[in-house]
Amino acid sequence: MSRLTLISHHLCPYVQPAAIALLEKGVPFERINIDLADKPDWFLKISPLGKVPLLKIEEEDGGGAVLFESSVICEYLEETQAGAALHPADPLTRARHRGWMEFGSSVLSDLWGYETAQDELQLDAKRKALMSKFATLEAALDDGPYFAGSSFSLVDAVFAPVFRYFDLFDTLGDRGIFDGLERVKRWRQALSERASVKAAVGEDYPLRLTEFLEKHKILLRLPAAA
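Predicted model, so just to flag it, every value in this text is computed and none were measured.

1. Remarks on the sheet that holds strand β2 (residues 30-33)
Sheet architecture is open: four strands sit in the order β2-β1-β3-β4, paired in mixed fashion. Bordering the open sheet on either side are β2 and β4 (64-68), each of which pairs with just one other strand. Neighbour-to-neighbour, the strand axes of the sheet open up by a mean angle of 20°, direction not taken into account. Alignment of strand β1 (residues 3-8) against β2, held across four bridges, turns out to be parallel. Residue pairing for β2: T5 is matched across the bridge by E30. This element, helix α1 (residues 15-25), spans β1 and β2 of the sheet and lies at about 150° to β1.

2. A closer look at the pairing of β1
Burial runs high along β1: five of the six residues are buried. Running through α1, the crossover from β1 to the neighbouring parallel element β2 is right-handed.

3. Quick notes on the confidence of the model for the chain
Mean pLDDT over the chain stands at 94; residues scoring 70 or higher make up 97%. Scored below 50 in pLDDT, residues 222-226 shows nine contacts in the model against residues more than four places distant or in partner chains.

4. A look at the environment of I46
Secondary-structure assignment places I46 in helix α2 (residues 41-46). For I46 and E59, which are 13 residues apart along the polypeptide, the C-alpha to C-alpha distance reads 17 Å. Leaving out residues up to four positions away in the same chain, I46 has contacts with I7, L54 and V66.

5. Observations regarding the packing of helix α6 (residues 154-169) against helix α7 (residues 182-192)
Interhelical geometry of α6 versus α7 gives an angle of 95° and a closest axis separation of 9 Å. Between α6 and α7, the angle falls in the class roughly perpendicular. Taking contact as the criterion, the partners of V155, D156, F159, A160, F163, F166 and D167 in α6 are, on α7, V184, W187, R188 and L191. For the contact of α6 with α7, the residue count by class is eight nonpolar, no polar and three charged.

6. Here's the deal with the pattern of salt bridges
Under the definition given, this model contains 13 salt bridges. Here D110 and K126 are joined by a salt bridge, their closest N and O atoms 3.3 Å apart. Placement of D110 in helix α4 (residues 91-115) and of K126 in helix α5 (residues 120-140) is noted, with a sequence separation of 16 residues between them. For D110, a relative accessible area of 9% puts it in the buried group. The shortest N-O distance in the salt bridge between R188 and D170 comes to 2.9 Å.

7. Digging into the domain arrangement of the chain
Partitioning the chain into domains gives domain 1 (3-80) and domain 2 (91-220). One C-alpha centre belongs to domain 1, the other to domain 2; they are set 22 Å apart. Ranking the residues of domain 1 by area buried against domain 2 places L11, Q16 and I20 at the top, with a combined share of 33%. Taken together, domain 1 and domain 2 are joined by two salt bridges. Put simply, E24 and R194 hold a salt bridge, and the shortest N to O gap is 2.9 Å. Linking domain 1 with domain 2 are six residue pairs in polar contact (both at pLDDT 80 or more). If you list the elements that add at least two residues to the side of domain 1 that touches domain 2, you get α1 and α3 (70-80). No other element matches α1, which puts seven residues into the side of domain 1 that touches domain 2.

The rules we used
- Residues numbered from 1 in each chain as written.
- Predicted model: local features only at pLDDT ≥ 70, side-chain atom pairs only at ≥ 80, totals over all residues.
- Heavy atoms only, no water.
- Pairing = 2+ DSSP bridges.
- Helix = DSSP H or I, 4+ residues; strand = E, 2+ residues; numbered from the N terminus.
- Axes fitted to C-alpha atoms, helices over the stretch in contact; angles between N-to-C directions.
- Contact = heavy atoms within 4.5 Å.
- Buried < 20%, exposed > 50% of the residue type's maximum accessible area, 1.4 Å probe, protein only.
- Right-handed = clockwise from strand over helix to strand, strands pointing away.
- pLDDT = per-residue confidence, 0-100.
- Parallel < 35°, antiparallel > 145°, perpendicular 65-115°, else oblique.
- Nonpolar A, V, L, I, M, F, W, Y, C, P; charged D, E, K, R; others polar.
- Salt bridge = Lys/Arg side-chain N within 4 Å of Asp/Glu carboxyl O.
- Domains from an automatic or database assignment.
- Buried area = accessible area lost by both parts, 1.4 Å probe.
- Polar contact = N/O pair within 3.5 Å; in protein donor to acceptor, adjacent residues only side chain to side chain.

Here you go:
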């Protein structure tokens, strides 16, 4: 059996899908969090992009490899590990799921712009971009509780970190991003209750995210406009 180590950062949303996949499949793994503001030399030597997540694979015969990029790690785990299937068996449906995983990455990109906006104009632009993408998701969802109905999938693993941000953002003011999106709201709730999603971050995640917003004097810390 391979020894797996997930190299991580406490707040990185791209690490969480890999952690969720490992937890869903019941695969033993070690998690090492690094400081991205002071990256250790050993990390830079094995990370081509200098980013997390990395999955370090150590084989019993002394071989091994390091994988980078969240979606690549998730696909590898799906192909090599036992446990619950996180991709549909049908090739066409599986391809569609991969497309929605990429869509999730684009939502995270907009979310970063929303989170770090330094003026109201930028904040509103990113808010509208997020509303548009969540409206697209509303049209794609059925009755749930998950993206593919009753089966939890890698699409869910990708979107769980997206919704997790709003657990804090909602306490800072209601900006109406999910107004009228009942399917999205039910999906968000179902993901928040999933054991693997809860365990994908540390108990101090909300505190760390709050400290990040305060440290960078981010506009979201201000009350929403009336």
